[in-house]
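Letter by letter, the chains look like this.
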Amino acid sequence: MKDILTKELDLIKQDLINMSDHLYHHPELGDQEYESMKLLSDYLNKQGFEVQTGLVGRPTAFKATYEGKKTGPKIAYLAEYDALPGVGHGCGHNLIGTMSVGAAVTLSKQIDQIGGSVVVLGTPAEETNGAKVPMSDEGIFTDIDAAMIVHPSDLSYESGESLAMDAIQFAFTGKASHAAASPEKGINALDSVIQLFNGVNAIREHVTSDVRIHGIISEGGQAANVVPDYAVAQFYVRAKERDYLNEVVDKVHNIAKGAALMTGATLEISNYELSYDNMITNKALSNAFNQNLQQVSGKAVLPAKQSYGSIDMGNVSQVVPAIHPYIGFGEEGLIAHTQEFADKTITDEGHQTLTNGALSLALTGYDLLTDEALFQSIQQEFNNK
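What comes next concerns the included structure. (Residues numbered from 1 in each chain as written. Predicted model: local features only at pLDDT ≥ 70, side-chain atom pairs only at ≥ 80, totals over all residues. Heavy atoms only, no water.)

Right, let's get into the overall build of the chain. Looking only at helices and strands, the chain has eleven helices and twelve strands in total. Seen along its three principal axes, the alpha-carbon backbone of the chain occupies a region of about 80 × 45 × 40 Å. Taken over 385 residues, the chain has a buried fraction of 55%. Restricting the contact set of the chain to residue pairs at least 6 apart, pairs at least 24 apart contribute 81%. (Helix = DSSP H or I, 4+ residues; strand = E, 2+ residues; numbered from the N terminus. Buried < 20%, exposed > 50% of the residue type's maximum accessible area, 1.4 Å probe, protein only. Contact = heavy atoms within 4.5 Å.)

As structure tokens, this is what we get:
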């Protein structure tokens, strides 16, 4: 089957390269990926996929479906195509989007014979306000049996874990006054923020080692001789599992409330970005993909890296068997979110990574649709998580 799918992929290989390079040269930030979304979804439509746009109230989200003539599992490939400020596709989302499109089109050529269906979900704004979160919450994955995405990296790594994350804003309102002439008449909102930071630092000793809490003061006053009447701090709070993260977040909320009490300020707590759940890799699905990637690339797939970041694919993994592996350029030490990483995506090595990733995803999808034992093991593992 590898040879058959390879021939199918070869027929669209140049299309995929052209699309990926176009995305590189025309980067769009999260929820602004109008041209990127149109490029990918129009191509899928021309390949026989039925396309819906504007999912979950996000104009640049889409769902492209190819229904086979026979019943069977439904496989989803997830596409990202948002860029970063300054460095464009420094995270390689131009490759991610086209790898998933390439895998889906390649697999669709066999669907009518083997049964099942294949879906591409266009998921905007992974870097900021990931659309996979509302997609997971609002039932987009209800009829999906497995979800896959592959991310470029320096080397290839197995799908692993990520931290659950809440993005919390603390806005303190005090009372302005002349800081020298009448300080006793003011309520210093910035002091509340400072006490919040002190309190957060104090609990670091009393949380598990996986917890990460890091923040900034986004507003802290306008002039040194005016008591600041408004100050804002923004934090990311992360932990290995959602349940424990919720406990830590409660502690941080209480610290903020205490800071407000200490100064007399009022407090408003809100989430300034969507919350991400921890990634739960489906090992059976992961093993199948790893075998295919090793066969296609001829290179080892290394054990998952220790991750202290957060991804919206974590929310997907809570509702459907899922993987988020990494495919390597073959340049150890290459760092993501840099111009060097972005530029790598349009080199010969980047184009080879694109085709290797698309073929590995397609082969894994084929395995799921034709190997009943594999499919059942994936479902059983998910149900027992």
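Moving on from the coordinates now.
What follows deals with the sheet that holds strand 7 (residues 164–173). If you trace the four strands from one edge of the open sheet to the other, you get 8-9-7-10, paired in antiparallel fashion. Looking along the sheet, the strands with just one partner apiece sit at the ends: strand 8 (212–219) and strand 10 (266–271). Strand-to-strand twist of the sheet, defined as the mean angle between neighbouring strand axes without regard to direction, takes the value 20°. Two elements, strand 7 and strand 10, share six bridges in a ladder whose sense is antiparallel. (Pairing = 2+ DSSP bridges. Axes fitted to C-alpha atoms, helices over the stretch in contact; angles between N-to-C directions.)

Moving on to the pattern of salt bridges. Here the structure, examined in full by the defined rule, presents ten salt bridges. Across the salt bridge formed by Arg 242 and Asp 277, the nearest N and O atoms sit 2.9 Å from each other. In this pair, Arg 242 is assigned in helix 6 (residues 242–263) and Asp 277 in the loop between strand 10 and helix 7 (283–297), connecting sequence segments 35 residues apart. Each member of the pair, Arg 242 as well as Asp 277, is classed as buried. Connected through shared salt-bridge partners, Glu 67, Lys 74 and Asp 143 make up one network. (Salt bridge = Lys/Arg side-chain N within 4 Å of Asp/Glu carboxyl O.)

Turning to a negative patch on the surface, a few remarks are in order. Residues Glu 241, Asp 243, Glu 247 and Asp 250 make up a contiguous surface patch of negative charge. With respect to the element layout, Glu 247 can be found in helix 6. (Patch = residues over 30% accessible without salt bridge, like charges linked within 9 Å, V, L, I, M, F, W, Y side chains within 5 Å. Areas by Shrake-Rupley, 256 points an atom, 1.4 Å probe, with all protein chains shown as cover. Lys, Arg positive; Asp, Glu negative; His and termini not counted. Charge placed at Lys NZ, Arg CZ, Asp CG, Glu CD.)

This part covers the packing of aromatic side chains. By convention here, two paired aromatic rings are described through the distance between centres and the angle between planes. By the definition in use, this model includes six aromatic pairs. Ring plane angle 75° and centroid distance 6.1 Å describe the contact between Phe 170 and Phe 235, whose orientation is recorded as edge-to-face. Here Phe 170, found in strand 7, pairs with Phe 235, found in strand 9 (residues 230–239); they are 65 residues apart in sequence, far enough to count as distant. Accessibility classification places Phe 170 together with Phe 235 in one group, the buried group. (Phe/Tyr/Trp six-rings, centres within 6.5 Å; stacked < 30°, edge-to-face > 60°.)

A few words now on helix 1 (residues 2–25). The end-to-end C-alpha separation of helix 1 is 32 Å, in line with the 34 Å expected for 24 residues at 1.5 Å each. Along helix 1, the sharpest kink reaches roughly 50°, centred on Ile 12. Those residues of helix 1 not exposed but buried are Leu 5, Leu 9, Ile 12, Leu 16, Ile 17, Met 19, Ser 20, Asp 21, Leu 23 and Tyr 24. Residues of helix 1 that are buried sit in contact with helix 2 (34–46), helix 3 (93–114), helix 9 (339–344) and helix 10 (348–370). (Expected span 1.5 Å × (residues − 1). Bend = angle between axes of the 7 residues up to and from the residue.)

Take the side chain of Lys 74 next. Tracing the chain through its elements places Lys 74 in strand 3 (residues 74–79). Note on Lys 74: relative accessible area 10%, which makes it buried. A distance of 3.4 Å separates polar atoms of two side chains, one belonging to Lys 74 and the other to Glu 67. Among the polar contacts made by the side chain of Lys 74, one reaches the side chain of Asp 143 at a distance of 2.8 Å. Dropping the residues within four chain positions of it, Lys 74 is found in contact with Glu 67, Ser 117, Val 119, Asp 143, Ile 144, Asp 145 and Ala 146. (Polar contact = N/O pair within 3.5 Å; in protein donor to acceptor, adjacent residues only side chain to side chain.)

In this fold, Val 316 is placed in helix 8 (residues 313–319). Sequence separation of Val 316 and Asp 277 is 39 residues, and the distance between their C-alpha atoms is 8.5 Å. Residues contacting Val 316, with those up to four places away along its chain left out, are Leu 78, Lys 132, Ser 136, Phe 141, Ala 147 and Ala 322.

Turning next to the layout of surface pockets. Of the pockets and cavities examined, the largest pocket occupies roughly 730 Å³. Looking at the largest pocket, it is lined by 33 residues, and the ones nearest its centre are Cys 91, His 151, Gly 309, Ile 311 and Tyr 326. For the lining of the largest pocket, the elements supplying multiple residues, two or more each, are strand 6 (151–153) and strand 9. It is strand 6 that contributes the most residues to the lining of the largest pocket, three residues altogether. Across the lining of the largest pocket, the residue classes break down as twelve nonpolar, twelve polar and nine charged. Estimated volume of the second largest pocket: approximately 340 Å³. (1 Å grid on protein atoms, 1.4 Å probe; cavity = no way out; pocket = protein on both sides within 12 Å on 5 of 7 lines; lining within 4 Å. Points joined across faces, edges and corners; volume = space filled by probe spheres on them. Nonpolar A, V, L, I, M, F, W, Y, C, P; charged D, E, K, R; others polar.)

This next bit is on the pairing of strand 9. The buried count for strand 9 comes to eight of ten residues, which makes it a mostly enclosed element. Note: strand 7 against strand 9, ten bridges, orientation antiparallel. When the sheet's bridge partners are listed, Ala 167 is paired in strand 9 with Tyr 236. Bridging between strand 8 and strand 9 involves seven bridges; their strand directions are antiparallel. Within strand 9, the position partnered with Ile 216 by the bridge is Gln 234.

Honestly, it's all geometry; don't read function into it.
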